[in-house]
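Each chain is listed here by its residues.
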Amino acid sequence: MQVLVKSTFSLLSAAALMFSSLTMAAELGPWEQKAEDEDKNIQVFTRTVGDSPLREFKGVTQIKASVNDLVALLKDVDAATSWMHDVADFKAIEKISDTKNIYYMVNSTPWPVTDRDIYINSEMTADANGVVTSNVTANSEYEASEDFVRMPALKGSWKFTPKADGMVDVVYQVHANPGGSLPGWLVNAIVVDTPLNTLSNMHDIMQGEKYQGQTFAFIEEASAAQTETQQAAITE
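Residues numbered from 1 in each chain as written. Predicted model: local features only at pLDDT ≥ 70, side-chain atom pairs only at ≥ 80, totals over all residues. Heavy atoms only, no water.

Caption draft 1: Main features of the overall build of the chain. Regarding its fold elements, the chain presents five helices and 10 strands. The buried share among the 236 residues of the chain stands at 44%. Working note: accessible area of the chain is about 12,900 Å², and carbon and sulfur atoms make up 51% of it. (Helix = DSSP H or I, 4+ residues; strand = E, 2+ residues; numbered from the N terminus. Buried < 20%, exposed > 50% of the residue type's maximum accessible area, 1.4 Å probe, protein only. Areas by Shrake-Rupley, 256 points an atom, 1.4 Å probe, with all protein chains shown as cover.)

Caption draft 2: How the structure looks around the side chain of Q43. Mapped onto the elements, Q43 comes out in strand β2 (residues 42-47). Every residue in contact with Q43, bar those within four places of it in the chain, is listed here: Q33, A35, E36, K58, G59 and V60. (Contact = heavy atoms within 4.5 Å.)

Caption draft 3: Local environment of helix α2 (residues 67-75). Within α2, seven of the nine residues are buried, leaving the element largely enclosed by the surrounding structure. Among all positions of α2, only V67, D69, L70, V71, A72, L73 and L74 are buried.

Caption draft 4: Spotlight on the confidence of the model for the chain. Confidence in the prediction of the chain, expressed as mean pLDDT, is 88, and 84% of residues score 70 or more. Long-range and interchain partners of residues 1-23, a stretch whose pLDDT sits below 50, account for 19 contacts in this model, where long-range means more than four residues apart. (pLDDT = per-residue confidence, 0-100.)

Caption draft 5: Quick look at the pairing of strand β3 (residues 56-64). Of all nine residues that make up β3, seven are buried, and the element is covered over most of its length. Strand direction decides the pairing type here: β2 and β3, joined by six bridges, are antiparallel. Of the residues in β3, the one forming a bridge with Q43 is V60. With eight bridges connecting them, β3 and strand β10 (residues 167-177) associate as antiparallel partners. Note that in β10 the partner of K64 across the bridge is M167. (Pairing = 2+ DSSP bridges.)

Caption draft 6: Spatial organisation of the packing of α2 against helix α4 (residues 184-206). The N-to-C vectors of α2 and α4 enclose an angle of 115°; their axes lie 11 Å apart at closest approach. Comparing the axis directions of α2 and α4 gives the class roughly perpendicular. The way α2 lies across α4 gives a crossing that is right-handed. Across the interface between the two elements, D69, L70 and L73 of α2 pack against M202, I205 and M206 of α4. For the contact of α2 with α4, the residue count by class is five nonpolar, no polar and one charged. (Axes fitted to C-alpha atoms, helices over the stretch in contact; angles between N-to-C directions. Parallel < 35°, antiparallel > 145°, perpendicular 65-115°, else oblique. Left-handed = near helix turned anticlockwise from the far one by under 90°. Nonpolar A, V, L, I, M, F, W, Y, C, P; charged D, E, K, R; others polar.)

Caption draft 7: Just the pattern of salt bridges, in detail. With the rule as written, the count across this model stands at 10 salt bridges. Among the salt bridges present, the one from E123 reaches K100, with a minimum N-O distance of 3.9 Å. Here E123 is found in strand β6 (residues 116-126), whereas its partner K100 is found in strand β5 (residues 100-107), with 23 residues between them in sequence. The exposure class assigned to K100 is partly exposed, which follows from its relative accessible area of 35%. With a shortest N-O distance of 2.9 Å, D117 and R150 are connected by a salt bridge. (Salt bridge = Lys/Arg side-chain N within 4 Å of Asp/Glu carboxyl O.)

Encoded structure:
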């Protein structure tokens, strides 16, 4: 049994690596706008990725908040199912560091399609300008469940860019291999409804005060590094 499990992991790892390589090498189509919420200033774009059955999506918006507020929301694991579209379960599996984590996620699908699940590597980084990026990729080192169809690959990101007017530019971008087969109508809906509804819910949550006032060391350290560099340049 142990040999079988290891073989399964190896096959899943190979599939994920192959998908990642194909994604990077695949011909990318132009971004096409598919939806818009004028009230919340949300736009959704999709594009083809080689022969992949699922298009890559990109949702963009501006939210009145701080980057710290949005990072605090992403780090609130217990709240994920309340605002991330069609996420039925979301759990923290391993905390590698303050900015690196492994999560487990279940995406619900309408009957009779089987729900999808996936383990995710997540890493947050900040640059000297206060821009925070959260990159996510599939983790293939965990045994698949018989209750779900395992998503063999996923690559995506959140990007928060602070603006001078107290707004934050938000970009939510994902391309995934859903595993198995999905009906065409569902494939088309997923890549539009997921970013549109997720960003809409994010707008609603940021109107409250729950995530205000939090600070994060990795953001402060990036900002401090820029200050030190500027001071050094002045003294030279």
